[in-house]
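# Topology and contacts: notes
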Amino acid sequence: MNSSVPVRTNTHGTCIVLSCAGRCAGVLLQGEPGTGKSSLAMRLIDHAGFGAGSPEPVRGQLVSDDQVLLEDVGGVLTAHAPGAIDGLLEVRGIGIIKVQTAISPVRLDMVITHANAADIERMPEPRTVTLAGLALPMHKIDFSNPASAAQVRTLALMEWQLASFSNP
């Protein structure tokens, strides 16, 4: 048996890739069913925005909705869609639609977990989550907040070091 066969982990979530000024960031949105993962992904795909301080629009593309295959490729966590749902996005109230997807696999750079606004610290300490044996930065956002798409774009800008913040 070949021991170099990659191990893929299937995880519940929605993955998008954000791009701006030649940079890309893979983002895994996680949360319980009905928390708005697909809705937030659709807002990021449908409308480019500037986050906080972007010189150019940050654009989103779907990688996978509902289930995401994760794989450690030489110490880099990658994500792609299972074949049966590749290119499909569930839109509550409409159904499952076909959308253009990013070329995958994509490098996964961060995890954003849904949390209720009251449970989110105003000035959080950095935290990580381990997926498929690799640690990634993890952030909490209320997906129902009208500013959630801008918050996700801002986190990508911080990843690219195009925006930075300091807590007093």
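Described below are features of the structure shown in this document.

Here is what the cut-offs are and how they apply
- Residues numbered from 1 in each chain as written.
- Predicted model: local features only at pLDDT ≥ 70, side-chain atom pairs only at ≥ 80, totals over all residues.
- Heavy atoms only, no water.
- Helix = DSSP H or I, 4+ residues; strand = E, 2+ residues; numbered from the N terminus.
- Buried < 20%, exposed > 50% of the residue type's maximum accessible area, 1.4 Å probe, protein only.
- Pairing = 2+ DSSP bridges.

### Looking at unusual backbone geometry
With omega at 10°, the peptide bond leading from S104 into P105 counts as cis. Among the structural elements, P105 can be located in the loop between β8 (95-98) and β9 (106-114). Notably, D66 is not glycine yet its phi reads approximately 85°, a positive angle. The residue D66 is located in the loop between β4 (59-64) and β5 (67-73) in this model. A positive phi angle, close to 50°, is found at A132, a residue other than glycine.

### Regarding the pairing of strand β6 (residues 76-80)
Look at any regular strand and the pattern is simple: side chains alternate between the two faces of the sheet. Within β6, four of the five residues are buried, which leaves it mostly tucked inside the rest of the structure. Pairing analysis gives five bridges linking β5 to β6, with the strands arranged antiparallel. Across the sheet, the residue bridging to E71 is T78, located in β6. Where β5 hands over to β6, the hairpin turn is made up of two residues, of which G74 adopts a positive phi near 60°. Here β6 runs beside β9; their pairing, made up of two bridges, is antiparallel. Pairing of A79 across the sheet is with V106, part of β9.

Keep in mind these values describe shape, not function.
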